[in-house]
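Structural characterization, general
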Amino acid sequence: MTDASATTGETVENTKSMAMIVSKGSLDWAYPPFILATTAAAMGQKVTMFFTFYGLTLLKKKLDLGVSTLGNPAMSMPMMGMHMVMPNLMGMIPGVDGMASGMMKGLIKKKGIASIEELRDAAIESDVSMIACQMTMDLFEYKRDDLIDGPELGGAATFIEAANKSDISLFI
Amino acid sequence: MADQVLDAKGLNCPLPILKAKKALNNVPTGGTLEVLATDPGAVKDFEAFCRQTGNELLESSQDGKVFIFLIKHTA
């Protein structure tokens with residue numbers, strides 16, 4: 001039994017807010033921004049997410065996310081009660097990243113972890129403000145139609161304005 | 001007996017919190033929501049959630065592998 005007295009009493013209007021830059025688009029890097037955004041929104045905070053560079057791919061209508069062993073020196077996967085390390089170099093072998101992605105997705109399902117699609121839907125549903133970086137759209141030749149409905153297009157100044165008003169500001 | 005019960009067993013962070021928030025929207029102010037979860041991280045998370053949202057955590061207990069939270073919708 002936990003002492004719940006700290007949470008008793010007055011109604012607290014949570015007016016705090018959070019702004020974050022989402023710059024990475026792999027499966028593993030997609031989790032932190034969406035988990036934090038949905039949780040902050042559930043706790044009554046106003047949340048702004050700015051999707052730039054590879055992070056912009058997280059706004060595509062159809063997500064096809066994967067992980068790479070390359071640049072992830074600490075990656076290890078649970079396997080038969082042990083942990084299999086996935087050395088950087090393995091990423092150069094064809095098929096390894098696909099295998100690692102498959103393993104990760106299998107684990108995610110098995111452990112009752114939300115999919116990125118699920119978290120993204122939850123973020124939209126809870127009125128998280130999403131901004132797609134216009135410059136990245138031009139750079140990688142995305143059309144507005146490639147992205148889900150909802151996000152607005154904007155640039156650095158749009159994010160700075162949101163960040164200026166925020167209690168938490170993150171770069172992920 | 002709680003006004004509503006949310007079974008969040010088998011779900012991992014942040015799903016128990018997200019589903020609880022959604023369920024609380026359907027509980028009238030002053031009513032209670034019972035959440036069942038198996039995620040050990042939910043214990044600290046529901047304390048923080050309630051402190052931040054102003055809802056009242058009436059009870060936090062454990063029955064075997066299941067954690068039980070009783071939340072009063074006050075906010």
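In case you missed it, the structure is sitting above this.
Keep in mind it's a predicted model, so treat the numbers as computed, not measured.

Looking now at the overall build of chain A. Across its full length, chain A carries five helices and seven strands. When its helices and strands are written in sequence order, chain A yields β-α-β-β-β-α-α-β-α-β-α-β. Principal axes of the C-alpha set define a box for chain A whose edges measure 55 × 55 × 25 Å. Sequence separation of 24 or more characterises 73% of the internal contacts of chain A that already satisfy a separation of 6 or more.

Attention shifts here to the sheet that holds strand 1 (residues 4–8) of chain B. Residue and element names in this part refer to chain B. Spatially, 1-2-4-3 is the arrangement adopted by the four strands of the open sheet, whose pairing is mixed. In this open sheet, the two edge strands, each paired with only one partner strand, are strand 1 and strand 3 (56–63). The average angle at which neighbouring strand axes cross in this sheet is 15°, direction not considered. As paired strands, strand 2 (residues 32–37) and strand 4 (residues 66–72) are joined by six bridges and run antiparallel to one another. Bridge pairing in strand 4 links L36 to I68. Its contacts with the sheet put helix 1 (residues 15–25) on strand 1, strand 2 and strand 4, and the angle it makes with strand 1 is roughly 160°.

In this section: helix 1 of chain B. Among the residues of helix 1 of chain B, those classed as buried are L15(B), P16(B), I17(B), L18(B), A20(B), K21(B) and L24(B). In this structure, the buried residues of helix 1 of chain B make contact with helix 1 (27–42) and helix 3 (116–125) of chain A together with strand 1, strand 2, helix 2 (42–53) and strand 4 of chain B.

This paragraph deals with the packing of helix 1 of chain A against helix 1 of chain B. Across the interface, helix 1 of chain A lies against helix 1 of chain B with an axial gap of 9 Å and an inter-helix angle of 30°. By the angle class used here, helix 1 of chain A and helix 1 of chain B are roughly parallel. Between helix 1 of chain A and helix 1 of chain B the crossing geometry is left-handed. Between helix 1 of chain A and helix 1 of chain B, the contacting residues are T38(A), T39(A) and A42(A) on the first element and I17(B), L18(B) and K21(B) on the second. Of the residues assigned to the contact of helix 1 of chain A with helix 1 of chain B, the class counts are three nonpolar, two polar and one charged.

Another aspect to go through is the environment of A132(A). All names here are of chain A. Along the polypeptide, A132 turns up in strand 5 (residues 129–133). Judged by the 24 C-beta atoms lying within 10 Å of it, A132 falls in the buried class. When residues no more than four places from it in sequence are discounted, the contact partners of A132 are F51, L56, L59, M137, L147, P151 and L153.

Okay, the nonpolar core next. Counting 51 residues, the largest nonpolar core has A37(A), M49(A), F50(A), F51(A), A132(A), V35(B) and I71(B) as its most contacted members. Per-element accounting of this core gives the leading share, seven residues, to helix 1 of chain A. Residues in contact with V35(B), not counting those within four places in the same chain, are L6(B), A8(B), P16(B), A20(B), F69(B) and I71(B).

Below, the discussion takes up the sheet that holds strand 7 (residues 168–171) of chain A. Residue and element names in this part refer to chain A. What the five strands build is an open sheet, ordered 6-5-2-1-7; its pairing is parallel. Strands with a single pairing partner mark the edges of an open sheet, and in this sheet they are strand 6 (152–154) and strand 7. The sheet shows a mean angle of 20° between the axes of neighbouring strands, direction not considered. Alignment of strand 5 against strand 6, held across three bridges, turns out to be parallel. Directly across from I131, in strand 6, lies its bridge partner E152. The sheet contacts of helix 1 involve strand 1 (17–22) and strand 2 (46–51), and relative to strand 2 the element is tilted by about 160°. Of the strands in this sheet, strand 1, strand 2, strand 5, strand 6 and strand 7 touch helix 5 (residues 156–164), which is tilted by about 150° from strand 1.

Definitions and limits used
- Residues numbered from 1 in each chain as written.
- Chains lettered and ligands numbered in written order.
- Predicted model: local features only at pLDDT ≥ 70, side-chain atom pairs only at ≥ 80, totals over all residues.
- Helix = DSSP H or I, 4+ residues; strand = E, 2+ residues; numbered from the N terminus.
- Contact = placed C-beta atoms within 7 Å.
- Pairing = 2+ DSSP bridges.
- Axes fitted to C-alpha atoms, helices over the stretch in contact; angles between N-to-C directions.
- Buried ≥ 20, exposed ≤ 12 C-beta atoms within 10 Å, placed from the backbone.
- Parallel < 35°, antiparallel > 145°, perpendicular 65-115°, else oblique.
- Left-handed = near helix turned anticlockwise from the far one by under 90°.
- Nonpolar A, V, L, I, M, F, W, Y, C, P; charged D, E, K, R; others polar.
- Core = buried A, V, L, I, M, F, W, Y, C linked by C-beta atoms within 7 Å.

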